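If you want the building blocks of each chain, they are given just below.
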Amino acid sequence: MQNKTPLQALAFELRLSWSFIWRDLSTTMLPALLFMAAALKTRADLTAHSLAVALFKWALYFWLYIYTFCLADQIAGVEEDRINKPDRPIPAGRITRPGAIQRWRLYSLLFLAAGALFGVAHWALLWLIASVLHNFCGWDKNWFTKNNVVMPLGFLAEVGAAWQLVAPLTPIAWRWLVVGALVVSMTAAIQDFRDVRGDRLTGRRTLPIILGDEKARLLMCLIFAGMCLLMHLALWGGSGLKGVLCDLWICGLALYICGRLLLYRTARADDRTYMVYTYWYCSILASAVIMT
């Protein structure tokens, strides 16, 4: 086989990274950009140059953020992906598992280096620790460690870095971090309804498997109601028209998600419901732009 030119090799790596990460952009790069926008609003010295620098940091850092995780996740879950997501790069044969491992090691080092260069090394390290626990230490196999430990740690690592890349963390930012981490930990189990078949075969103990489908769906609806109330009280209640608009949008979208959970119960429908959930998640962080 003819050796690739440097340009061809770069093009291949970019296409490969896209095939690993495209499903997860709405829970990583987009919400990070939204929360970064909220941080930028707090700066009085914002210029076109500083905005360009911020966007460069966002693009590089969060591309490495999601690529390192997706590499680790798909390295650890090849057999499960053959059932649930056979189009992913490893089961589809676009790359070997050893090749993915080599890339995970390289890009993890680059991610830590970018974190150190941009002043967010602690958040980068926290994300790598959460990623290793989730993918290589079996924490993804149990609903509690997956949703109530790894997911909130990942949220903190994501939005904490997004804010601190462009501005110092403030008490207001910390309030969004803490409340957001709680909301994510309580609602992240919605992703497990779409993968029940593969999860059973691989021994995962997710909420739908433990409680049963009907009870788990009803519980998630109650949780969404509780989280909407929490956000109203802790983040934007009493903030006038802006708070009312946030309530209407966030609560309305949560109601739509609950309706889908109860009415549409195929794996394909649950995957679409999860995508709506990612938009809800983005909307929460977009509300930070409105409220700051």
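Below, the structure is looked at part by part. Here the structure is a predicted model, which means the values were calculated and not measured.

### Considering the overall build of the protein chain
- When its secondary structure is counted, the protein chain shows 13 helices and zero strands.
- The N-to-C order of helical and strand elements in the protein chain reads α-α-α-α-α-α-α-α-α-α-α-α-α.
- Dimensions along the principal axes, computed over C-alpha positions, put the protein chain at roughly 65 × 55 × 25 Å.
- Going through the 292 residues of the protein chain one by one, you find that 50% of them count as buried.
- Residue pairs at least 24 apart in sequence account for 75% of intrachain contacts in the protein chain once pairs closer than 6 positions are excluded.
- Here the protein chain has roughly 13800 Å² of accessible surface; of this, 69% comes from carbon and sulfur atoms.
- Positive and negative charge centroids in the protein chain, built from 28 and 18 side chains respectively, lie 2 Å apart.

### Here we look at a nonpolar patch on the surface
- Where nonpolar side chains cluster on the molecular surface, the patch consists of Trp143, Phe144, Ile210, Leu211, Leu219 and Leu222 and spans about 520 Å² of accessible area.
- Elements represented by at least two residues in the nonpolar patch include exactly helix H7 (143-164), helix H10 (207-211) and helix H11 (213-236).
- Classification of leucine 211 as partly exposed rests on a relative accessible area of 34%.

### Describing the nonpolar core
- Counting 85 residues, the largest nonpolar core has Phe20, Tyr61, Phe62 and Trp280 as its most contacted members.
- If one sorts the elements of this core by residue count, helix H3 (residues 48-76) sits on top with 13 residues.
- When residues no more than four places from it in sequence are discounted, the contact partners of phenylalanine 20 are Tyr67, Cys70, Leu71, Gln74, Pro89, Ile90, Ile95 and Ala100.

### Topic: helix H6 (residues 121-136)
- In this model H6 runs 22 Å from its N-terminal to its C-terminal C-alpha over 16 residues, within 8% of the 22 Å that 1.5 Å per residue would give.
- Buried-residue contacts for H6 involve H3, helix H5 (97-118), H7 and helix H8 (171-187).
- Looking one or two places after H6, you find glycine 138, whose phi comes out positive at around 80 degrees.

### Notes on the pattern of salt bridges
- Inspection of the entire model under this criterion finds 16 salt bridges.
- For glutamate 79, the salt bridge identified is with arginine 82, shortest N-O distance 3.3 Å. Taken together, the residues span about one helical turn, with glutamate 79 and arginine 82 both in helix H4 (residues 78-84) at a distance of three residues.
- Here glutamate 79 falls in the exposed class, since its relative accessible area comes to 52%.
- Residue arginine 82 is classed as partly exposed on the basis of its relative accessible area of 45%.
- For aspartate 270, the salt bridge goes to arginine 217, with nearest N and O atoms at 2.8 Å. Placement of the pair is aspartate 270 in helix H13 (residues 267-291) and arginine 217 in helix H11, with a sequence separation of 53 residues. Note on accessibility: aspartate 270 and arginine 217 belong to one class, buried.

### Quick word on the environment of threonine 202
- Position of threonine 202 among the secondary structure elements: in helix H9 (residues 196-202).
- Separated by 123 residues in the primary sequence, threonine 202 and glutamate 79 have C-alpha atoms spaced 8.1 Å apart.
- Residue contacts for threonine 202: discarding those within four places in its chain leaves Glu80 and Lys141.

### Here's the deal with the packing of H11 against helix H12 (residues 241-263)
- H12 packs onto H11 with a crossing angle of 175 degrees between their chain directions and a minimal axis gap of 9 Å. Judged on the interaxial angle alone, H12 and H11 are roughly antiparallel. For the pair H11 and H12, contact is made by Arg217, Leu218, Met220, Cys221, Phe224, Cys228, Met231, His232 and Trp236 and by Gly243, Cys246, Asp247, Ile250, Cys251, Ala254, Ile257, Cys258, Leu261 and Leu262, respectively.
- Considering only residue class, the contact of H11 with H12 consists of 15 nonpolar, two polar and two charged.

### Some points on the packing of aromatic side chains
- Overall, the coordinates contain 20 aromatic pairs when judged by the stated rule.
- Pairing phenylalanine 35 with tryptophan 163 gives two aromatic rings, centres 5.3 Å apart and planes at 50 degrees, and the pair type is tilted. Here phenylalanine 35 is found in helix H2 (residues 29-41), whereas its partner tryptophan 163 is found in helix H7, with 128 residues between them in sequence. Take phenylalanine 35 and tryptophan 163: they sit in the same class, and that class is buried.
- Joined through ring pairs, the aromatic side chains of Tyr61, Phe62, Tyr65, Phe69, Phe111 and Trp127 make up one cluster.

Each value, and the rule that gives it
Each residue is numbered by its place in its chain's sequence as written, counting from 1. Under the rules for a predicted model, residues below a pLDDT of 70 receive no local features and side-chain atom pairs below 80 are neither given nor counted, while totals for whole chains, interfaces and linings still include all residues. The side-chain numbers reported here are obtained from all heavy atoms of the structure, hydrogens and water having been left aside. To qualify as a helix, a DSSP run of H or I must reach at least 4 residues; to qualify as a strand, a run of E must reach at least 2; elements of each kind are numbered from the N terminus. The buried label applies to any residue whose accessible area, calculated with a 1.4 Å probe on protein chains only, is under 20% of its type's maximum; exposed applies above 50%, and partly exposed to all values in between. Note on contacts: a residue pair is in contact if any heavy atoms of the two residues lie within 4.5 Å. All accessible areas in this document rest on Shrake-Rupley with a 1.4 Å probe, and a residue is counted as covered only by the protein chains that are shown. His is not counted, nor are the chain ends, whereas Lys and Arg count as positive and Asp and Glu as negative. Here the site of a charge means atom NZ of a Lys, CZ of an Arg, CG of an Asp or CD of a Glu. Candidates for patches are residues over 30% relative accessible area with no salt bridge; among them, like charges are joined within 9 Å and nonpolar side chains (Val, Leu, Ile, Met, Phe, Trp, Tyr) within 5 Å. Each reported salt bridge corresponds to a side-chain nitrogen of Lys or Arg within 4 Å of a carboxyl oxygen of Asp or Glu. Put simply, a nonpolar core is a bunch of buried Ala, Val, Leu, Ile, Met, Phe, Trp, Tyr and Cys residues held in one set by side-chain atoms that sit within 4.5 Å of each other. For a helix, the expected span equals 1.5 Å multiplied by the residue count minus one. Axis geometry follows a simple rule: fit a line to the C-alpha atoms, using only the stretch in contact for helices, then measure angles between N-to-C directions, giving values from 0 to 180 degrees. These descriptions rest on fixed angle ranges, namely under 35 degrees for roughly parallel, over 145 for roughly antiparallel, 65 to 115 for roughly perpendicular, and the rest for oblique. Classes in brief: Ala, Val, Leu, Ile, Met, Phe, Trp, Tyr, Cys and Pro nonpolar; Asp, Glu, Lys and Arg charged; the others, Gly included, polar. Only centres within 6.5 Å qualify two rings of Phe, Tyr or Trp (six-membered ring in Trp) as a pair; their planes then separate them into stacked at under 30 degrees, edge-to-face at over 60, and tilted for everything else.

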